Amino acid sequence: MEIIQQVLFAVVLIAGVGFFAKNVKTLRRNIKLGKDVDVSDNKPVRWRNMMRIALGQTKMVVRPIPGLLHIIVYVGFIIINIEVLEIVIDGLLGTHRIFAPLGALYNFLIGSFEILAFLVIIAVVVFWIRRNIIRIQRFIKPEMQGWPKKDGNMILYIEFVLMLLFLTMNASDFQLQQMNVEHYTQAGSFPISQFISPFFDGMSATTLILIERTTWWLHIIGILCFLNYLYYSKHLHILLAFPNTYYGKTTPKGQFANLESVTNEVKLMMDPSADPFAAPADDVDAAPEKFGASDVSDLSWVQLLNSYTCTECGRCTSECPANQTGKKLSPRKIMMDTRDRLEEVGKNIDANKGEFKDDGKQLLGDYITNEEIWACTSCNACVEACPVSIDPLSIIMDMRQYLVMEKSAAPTELNNMMGNIENNGAPWPFNQMDRLNWTEEK
Amino acid sequence: MENGLKVPTMAELFAAGKQPEVLFWVGCAGSFDDRAKKITKAFVKILNKADVSFAVLGTEESCTGDPAKRSGNEFLFQMQAVTNIEVLNGYGIKKVVTACPHCFNTIKNEYPGLGGTYEVVHHTQFLRDLVSEGRITLEGGKYKGKRITYHDPCYLGRANNVYEAPRELIRKLDAELVEMKSCKKRGLCCGAGGAQMFKEPEKGDKDVNVERTEQAIETKPEIIAAACPFCNTMMTDGVKSKEKEASIGVMDIAELIASAEDL
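Residues numbered from 1 in each chain as written. Chains lettered and ligands numbered in written order. Predicted model: local features only at pLDDT ≥ 70, side-chain atom pairs only at ≥ 80, totals over all residues.

### Re the overall build of chain B
Phase 1: A tally of regular secondary structure across chain B gives eleven helices and eight strands.
Phase 2: The C-alpha radius of gyration of chain B comes to 18 Å, within 12% of the 18 Å expected for a compact globule of 263 residues.
Phase 3: Expressed as lengths along the three principal axes of its C-alpha atoms, the size of chain B is roughly 50 × 45 × 35 Å.
Phase 4: Looking at chain B as a whole, 57% of its 263 residues are labelled buried. (Helix = DSSP H or I, 4+ residues; strand = E, 2+ residues; numbered from the N terminus. Rg over C-alpha atoms; globule rule 2.2 N^0.38 Å. Buried ≥ 20, exposed ≤ 12 C-beta atoms within 10 Å, placed from the backbone.)

Here you go:
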């Protein structure tokens, strides 16, 4: 009987981790559909950003209430994972509470896991109330209708149930320990579950063992399911926040990258010795570089990583001046659309034996509208607000480049402004020769 | 000059074999916009008073390309940048000061990659240094105890982390600096950035500058201080739309200082 349990556990574990590994492979493949960018610079700054922003949660506490609640859930999940390690070893070896010989330390650990689990339950309940009862603005924006809303609640339910299973498991275990049932080592302290165990008073050892085993199994299966839910959910941030903060922008927020392909052409144009009739260089067959971005493959892999990292908290959108004044633009939606389109492209590739088959769709136009792109003031409020260093602004700017340089589709007023700069070196129709007139005016 | 300002151009100084301490990059708004020209003149008054050796490019100056780049026209931006860099490098410019956060950001951050590396400071930083070096003295007087709220320009604040220089100057005027509910890192945009200045806003419930002006009015200020010609326009329009122009003034930091000094 014991050995069957162990074998079964190994099978479940391998299936759970294996399926997750497969999803990670798809995730990597999809992210790599993006253009290459050099992120090998500023390593010390990058490490510091990751430690501070992802590990240290510094940006979460800008909003103190959700920040504090989030830290509880975050710390809870990291620390309670030590318990998962024990469960896995017990499951594979057929042991029970294998870390029990740690004695007092073990009691302390189990005790603190319980307290954390309890705090996580409270935090999760408050999160649920914020989303569903108080209906905080940023959680009920148009892009949150349907699946994103369900996804958000689903994560809370799963976390609630996992914590409850953990505590129930401990409660029944505690009861069994007190009944001196064989195999149930006297170990651990149960500051929270001791309040659940009175419900088990008077139950037979067999029933209790059944409850203990059931909750033990459901708990670990639940965790494996949750691990595999990540890829289909906004919850990937618990893993991707780390690489994402590492690869985040290290230059001043106002510095937008200069397009190298344009620099080369501009240099050629400005070079008086360049022969305008010269035959193109050796790479005649190379397709001319596309300026800007209209689909996910025009974006960089860091931007695509950004899209998978987004957990749809909406802090960006709630700080966005355009969104605050009722415009269609929502930086969060830009990230969600990017991810949705990337997933669509990934599935297309899977369905067509590793080759992308043109589906006549693209990110700009089919997901993101021009109206959203033109409503941005480039103020960087969204970038500043993101607790995990996502840069929605860079995607917006890349799309403007595509609209202007590939499609000549700027709003008329902007075309006039650009015409003025081209003709007289100012965004307004004033003569460059009049630039000093102010010195003559009263 | 008609208005008593001394505004040497680089061409003149160069011909005389002189090199100024700093180049004043006036910018398009500062050169052409009626409201912004007052800021330019106020800043020059202070420069003259502090005896700063500076020069302007005058007719050799051209748009930095910021609105073109933020509109997505990278070609036009780089053409402008390369042309300007050629002029700046030709004169051997080392240090640039400007009263426009957009010019400031572009020259400081985006020109180096195209061959133009200079020490670039915003006029609020430059003025703060003049004060701390004792080259100008500020004694409250006119602004003592006045409620002044400061609007952070995005391209100075979030974009380049300059939050303190303008605030220090306001405090130096003995004014009562009151902060809006979103300020500094979380400051709300005036609505002009990203080339919005040059187009009608998209459909929505409200204009961004009105939203920001409402936040400013909540602080019950006598003056809304700005540090960007575009923010200045947006906030002035906002105050007008709220019919508060009689009780609330919108002024650039340079104007506050120039008028405190009664220059």
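### Some words on the overall build of chain A
Phase 1: The number of helices and strands found in chain A is 17 helices and zero strands.
Phase 2: On C-alpha atoms alone, chain A measures out to a radius of gyration of 28 Å, which is more than a quarter above the 22 Å that the 2.2 N^0.38 rule sets for 442 residues.
Phase 3: Referenced to the eigenvectors of the C-alpha coordinate spread, the extents of chain A come out at roughly 95 × 60 × 40 Å.
Phase 4: Counting all 442 residues of chain A, 40% fall into the buried class.
Phase 5: When contacts within chain A are restricted to residue pairs at least 6 apart in sequence, long-range pairs at least 24 apart make up 79% of them. (Contact = placed C-beta atoms within 7 Å.)

### A few points about the domain arrangement of chain B
All names here are of chain B.
Phase 1: Each assigned domain of chain B is listed here: domain 1 (10-128) and domain 2 (137-260).
Phase 2: For domain 1 and domain 2, the distance between their C-alpha centres works out to 22 Å.
Phase 3: Where the side of domain 1 that touches domain 2 is concerned, the elements lending two or more residues are α2 (27-32), α3 (34-49), α4 (66-70), α6 (101-110) and α7 (123-132).
Phase 4: If one sorts the elements of the side of domain 1 that touches domain 2 by residue count, α3 sits on top with eight residues. (Domains from an automatic or database assignment.)

### What about helix α1 (residues 2-31) of chain A?
Note that an α-helix has 3.6 residues per turn; residues three or four places apart therefore point the same way.
Residue and element names in this part refer to chain A.
Phase 1: Counted at 1.5 Å a residue, the expected span for α1 with its 30 residues is 44 Å, and the 43 Å between its end C-alpha atoms agrees.
Phase 2: Turning to α1, its buried residues number three or more, namely Phe9, Leu27, Asn30 and Ile31.
Phase 3: Each element contacted by the buried residues of α1 is listed here: α3 (64-93), α9 (301-309) and α12 (331-351). (Expected span 1.5 Å × (residues − 1).)

### A word on the interface of chain B and chain A
A common way to state how big an interface is: give the accessible area lost once the parts meet.
Phase 1: Counting from both sides, the interface comprises 60 residues of chain B and, opposite them, 58 residues of chain A.
Phase 2: Elements represented by at least two residues in the side of chain B that touches chain A include exactly α2, α3, α4, α5 (74-90), α6 and α9 (208-218) of chain B.
Phase 3: Among the elements that line the side of chain B that touches chain A, the one with the most residues is α5(B), at seven residues.
Phase 4: Considering only residue class, the side of chain B that touches chain A consists of 21 nonpolar, 20 polar and 19 charged. (Nonpolar A, V, L, I, M, F, W, Y, C, P; charged D, E, K, R; others polar.)

### Looking at the domain arrangement of chain A
Residue and element names in this part refer to chain A.
Phase 1: Examined at the domain level, chain A breaks down into domain 1 (2-31 + 63-233) and domain 2 (260-270 + 289-430).
Phase 2: On a C-alpha basis, the centres of domain 1 and domain 2 stand 40 Å from each other.
Phase 3: Counting residues at the interface gives eleven residues for domain 1 and 15 residues for domain 2.
Phase 4: Sorting elements by how many residues they give to the side of domain 1 that touches domain 2 places α1 first, with five residues.
Phase 5: Looking at the side of domain 1 that touches domain 2, its residues break down into four nonpolar, three polar and four charged.

### A look at the sheet that holds strand β7 (residues 223-226) of chain B
Residue and element names in this part refer to chain B.
Phase 1: Strand order in the open sheet formed by four strands is β6-β5-β7-β8, and the pairing between neighbours is parallel. The two strands at the open ends of the sheet, each matched to only one other strand, are β6 (176-178) and β8 (249-252). The average angle at which neighbouring strand axes cross in this sheet is 35°, direction not considered.
Phase 2: This element, helix α8 (residues 164-172), spans β5 (147-150), β6 and β7 of the sheet and lies at about 175° to β5.
Phase 3: Here helix α10 (residues 229-241) sits on the sheet and contacts β7 and β8; the angle it forms with β8, its principal contact strand, is near 175°. (Pairing = 2+ DSSP bridges. Axes fitted to C-alpha atoms, helices over the stretch in contact; angles between N-to-C directions.)

### Some words on the nonpolar core
Phase 1: Counting 149 residues, the largest nonpolar core has A:Met399, B:Ala225, B:Met235, B:Ala254 and B:Ile257 as its most contacted members.
Phase 2: Among the elements that line this core, the one with the most residues is helix α16 (residues 392-406) of chain A, at nine residues.
Phase 3: Apart from the residues within four sequence positions on either side, B:Ala254 is in contact with B:Ile39, B:Ala42, B:Phe43, B:Ile46, B:Ala99, B:His123 and B:Leu127.
Phase 4: In this structure, A:Val120, A:Ala123, A:Leu165 and A:Ile223 belong to the second largest nonpolar core, which totals 26 residues. (Core = buried A, V, L, I, M, F, W, Y, C linked by C-beta atoms within 7 Å.)

### What about helix α11 (residues 253-260) of chain B?
Residues and elements named next belong to chain B.
Phase 1: Most of α11 is tucked away, with seven of its eight residues classed as buried.
Phase 2: Of the positions making up α11, those classed as buried are Ile253, Ala254, Glu255, Leu256, Ile257, Ala258 and Ala260.
Phase 3: Contacts from the buried residues of α11 go to α3, α7, α8, β7 and β8.

### Looking at unusual backbone geometry
Phase 1: In this model, A:Arg135 sits at a positive phi of 50°, which is unusual for a non-glycine residue.
Phase 2: Relative to the assigned elements, A:Arg135 resides in the loop between α4 (104-132) and α5 (147-178).
Phase 3: In the Ramachandran plot, B:Lys220 falls in the positive-phi region, its phi being about 50° despite a non-glycine side chain.
Phase 4: Considering the arrangement of structural elements, one finds B:Lys220 in the loop between α9 and β7.
Phase 5: Assessed through the 11 C-beta atoms surrounding it within 10 Å, B:Lys220 is described here as exposed.

### What about the packing of α1(A) against α3(A)?
All names here are of chain A.
Phase 1: Where α1 contacts α3, the two axes come as close as 7 Å, and the packing angle between them is 130°. Classified by the angle between their axes, α1 and α3 sit oblique to one another. Across the interface between the two elements, Gln6, Phe9, Ala10 and Leu13 of α1 pack against Val88, Gly91 and Leu92 of α3.
Phase 2: Looking at side-chain class alone, the contact of α1 with α3 contains five nonpolar, two polar and no charged residues. (Parallel < 35°, antiparallel > 145°, perpendicular 65-115°, else oblique.)

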